[in-house]
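Below, each chain spelled out in residue letters.
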Amino acid sequence: MSTLFPAPDVRTISVRGEDATYPIHRIFCVGRNYAAHAEEMGYEVDREAPFFFTKAALHAVPTGTTQPYPPGTENYHFEMELAVALGAPIFRGDREAAEATVYAYGCALDMTRRDLQVNSRNVKRPWDFGKDVEGSAVFSPMTKAGDFGAVAGQCIWLKVNGETKQDSTLDLLIHDVPAVISYLSGYYHLGPGDVILTGTPEGVGPVVAGDRIKGGIDGLDPISLTIGPAE
Ligand code: MN
């Protein structure tokens, strides 16, 4: 069956040691999953349960690109995050089942129109304009879970123009990877192609056109993004 107009290409992420790429189905993101970041955003930590927002898969872009400064904002922020890519189905799964679904880990940037996010938050409207931004989900090539090992005290960091802005460790995640997947699987039939951004540590801040972002997590391919002029 033909389509009335060209269907969009599926966005993909490359995987270390694989010729085939990982096609993205959905992108789920955890909010306020490091205590010090929750604090800098003016919130107490919720240790009871994680919460989520989503980004369209079509907003995914690979590391190393230049993305234009997006429209409608004067406060575009970086958020450095551990991305988890699922490789098996899970629905209403426990921690043990959740852990077994992890296919790979990678570095990701959750770029955010902070002014729009905060404005909508303050008037109890959805975050979409702040978070569901074209080109705002940046991914580095992923490393298979078995090659990465356990999520433990690995450093997670981000620099803008060579200056350190974020510097934390993965053991400070409030809701760890199995907890996040298990919880989310209570609401969605998760499976291969579903990617979860696990939240950012403290130190988020603005970028302007010309800025060069670099980030990394011990044991994973680093990530970079250059901010171009507004269109
Ligand atoms: Mn985030």
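Here the structure is a predicted model, which is why all the values come from computation and not from measurement. (Residues numbered from 1 in each chain as written. Predicted model: local features only at pLDDT ≥ 70, side-chain atom pairs only at ≥ 80, totals over all residues. Heavy atoms only, no water.)

Colleague: Which residues make up the overall build of the chain, and what values go with them?
Modeller: The secondary structure content of the chain amounts to 6 helices and 18 strands. Here the chain has a C-alpha radius of gyration of 17 Å; the compact-globule value for 231 residues is 17 Å, and the two agree. Along the three orthogonal principal directions, the C-alpha set of the chain runs to about 50 × 40 × 35 Å. Burial analysis of the chain (231 residues in total) assigns 49% to the buried set. (Helix = DSSP H or I, 4+ residues; strand = E, 2+ residues; numbered from the N terminus. Rg over C-alpha atoms; globule rule 2.2 N^0.38 Å. Buried < 20%, exposed > 50% of the residue type's maximum accessible area, 1.4 Å probe, protein only.)

Colleague: Account for empty space enclosed by the protein, naming residues and giving values.
Modeller: This structure, assessed with the given rule, holds 1 cavity of 30 Å³ or more. The calculated volume of the largest cavity comes to roughly 100 Å³. What lines the largest cavity is a set of 17 residues, and nearest its centre among them are Gly31, Arg32, His37, Glu79 and Gln117. Top element by residues in the lining of the largest cavity is helix α3 (residues 114-122). It accounts for 3 residues. (1 Å grid on protein atoms, 1.4 Å probe; cavity = no way out; pocket = protein on both sides within 12 Å on 5 of 7 lines; lining within 4 Å. Points joined across faces, edges and corners; volume = space filled by probe spheres on them.)

Colleague: Tell me what's going on with the side chain of Thr200, and back it up with residues and numbers.
Modeller: The topology assignment puts Thr200 in the loop between β15 (194-197) and β16 (205-206). Within the local environment of Thr200, its side chain forms a polar contact with the side chain of Gln166, the two groups lying 2.8 Å apart. Discounting residues that sit within four places of it in the chain, Thr200 has contacts with Tyr34, His37, Glu79, Met80, Glu81 and Gln166. (Polar contact = N/O pair within 3.5 Å; in protein donor to acceptor, adjacent residues only side chain to side chain. Contact = heavy atoms within 4.5 Å.)

Colleague: Outline the coordination of the manganese ion, listing residues and values.
Modeller: Looking at the metal site, the manganese ion is ligated by Glu79 (OE), Glu81 (OE) and Asp110 (OD), spaced 2.0 to 2.1 Å from it. All donor residues of the manganese ion come from one chain, and their arrangement in sequence is E-x1-E-x28-D. In this pair, the class of Glu79 matches that of Glu81, namely buried. (Donors = N, O, S within 2.8 Å, 3.2 Å for Na, K, Ca; no water.)

Colleague: An account of the state of the cysteines is needed here, citing residue identities and associated values.
Modeller: The full count for this structure, using the stated rule, is 0 disulfides. There is no disulfide at Cys107, and the cysteine sulfur nearest it, in Cys155, is 12 Å away. A relative accessible area of 0% means that Cys107 is categorised as buried. You can call Cys155 partly exposed: its relative accessible area is 30%. (Disulfide = S-S within 2.5 Å.)

Colleague: Residues and numbers for unusual backbone geometry, please.
Modeller: At Arg92, a residue that is not glycine, the phi angle is positive and equals roughly 55 degrees. Residue placement: Arg92 occurs in the loop between β8 (80-86) and α2 (95-100). Unlike most non-glycine residues, Lys124 shows phi in positive territory, near 60 degrees. With respect to the helices, strands and loops of the structure, Lys124 is situated in the loop between α3 and α4 (128-131). Under the relative-accessibility criterion, Lys124 is labelled exposed at 78%.

Colleague: Give me the nonpolar core: which residues, what numbers.
Modeller: In this structure, Tyr105, Leu109, Met111, Phe139, Ile181, Val195 and Ile213 are the most contacted members of the largest nonpolar core, which totals 59 residues. Excluding anything up to four places from it in sequence, Ile181 contacts Val84, Leu86, Ile90, Ala98, Thr101, Val102, Leu190 and Ile196. (Core = buried A, V, L, I, M, F, W, Y, C linked by side-chain atoms within 4.5 Å.)

Colleague: Go over the sheet that holds strand β10 (residues 112-113), please, and point to the residues and values.
Modeller: Note on sheets: strands pair through backbone hydrogen bonds, and any given pair is parallel or antiparallel. Strand order across the open sheet formed by 3 strands is β10-β7-β16, with antiparallel pairing between neighbours. The open sheet terminates on both sides in strands that have one partner only, identified here as β10 and β16. Where strand β7 (residues 76-78) meets β16, 2 bridges bridge the pair, whose relative direction is antiparallel. From the neighbouring strand, Phe78 faces β16, where its bridge partner is Gly205. (Pairing = 2+ DSSP bridges.)

Colleague: Account for the pattern of salt bridges, naming residues and giving values.
Modeller: Note on pairing: side chains with opposite charge can pair once their charged atoms come close. Summed over the entire model, instances satisfying the criterion amount to 9 salt bridges. Linking Arg26 and Asp194 is a salt bridge whose minimum nitrogen-to-oxygen distance equals 2.9 Å. Placement of the pair is Arg26 in strand β3 (residues 26-30) and Asp194 in strand β15, with a sequence separation of 168 residues. Overall, the relative accessible area of 1% leaves Asp194 in the buried class. (Salt bridge = Lys/Arg side-chain N within 4 Å of Asp/Glu carboxyl O.)

Colleague: Which residues make up a nonpolar patch on the surface, and what values go with them?
Modeller: Together, Tyr183, Tyr187 and Tyr188 line one region of the surface with nonpolar side chains, adding up to about 320 Å² of accessible area. Looking at the secondary structure, you find Tyr187 in the loop between α6 (177-184) and β15. Using a relative accessible area of 58% as the deciding quantity, one classes Tyr187 as exposed. (Patch = residues over 30% accessible without salt bridge, like charges linked within 9 Å, V, L, I, M, F, W, Y side chains within 5 Å. Areas by Shrake-Rupley, 256 points an atom, 1.4 Å probe, with all protein chains shown as cover.)

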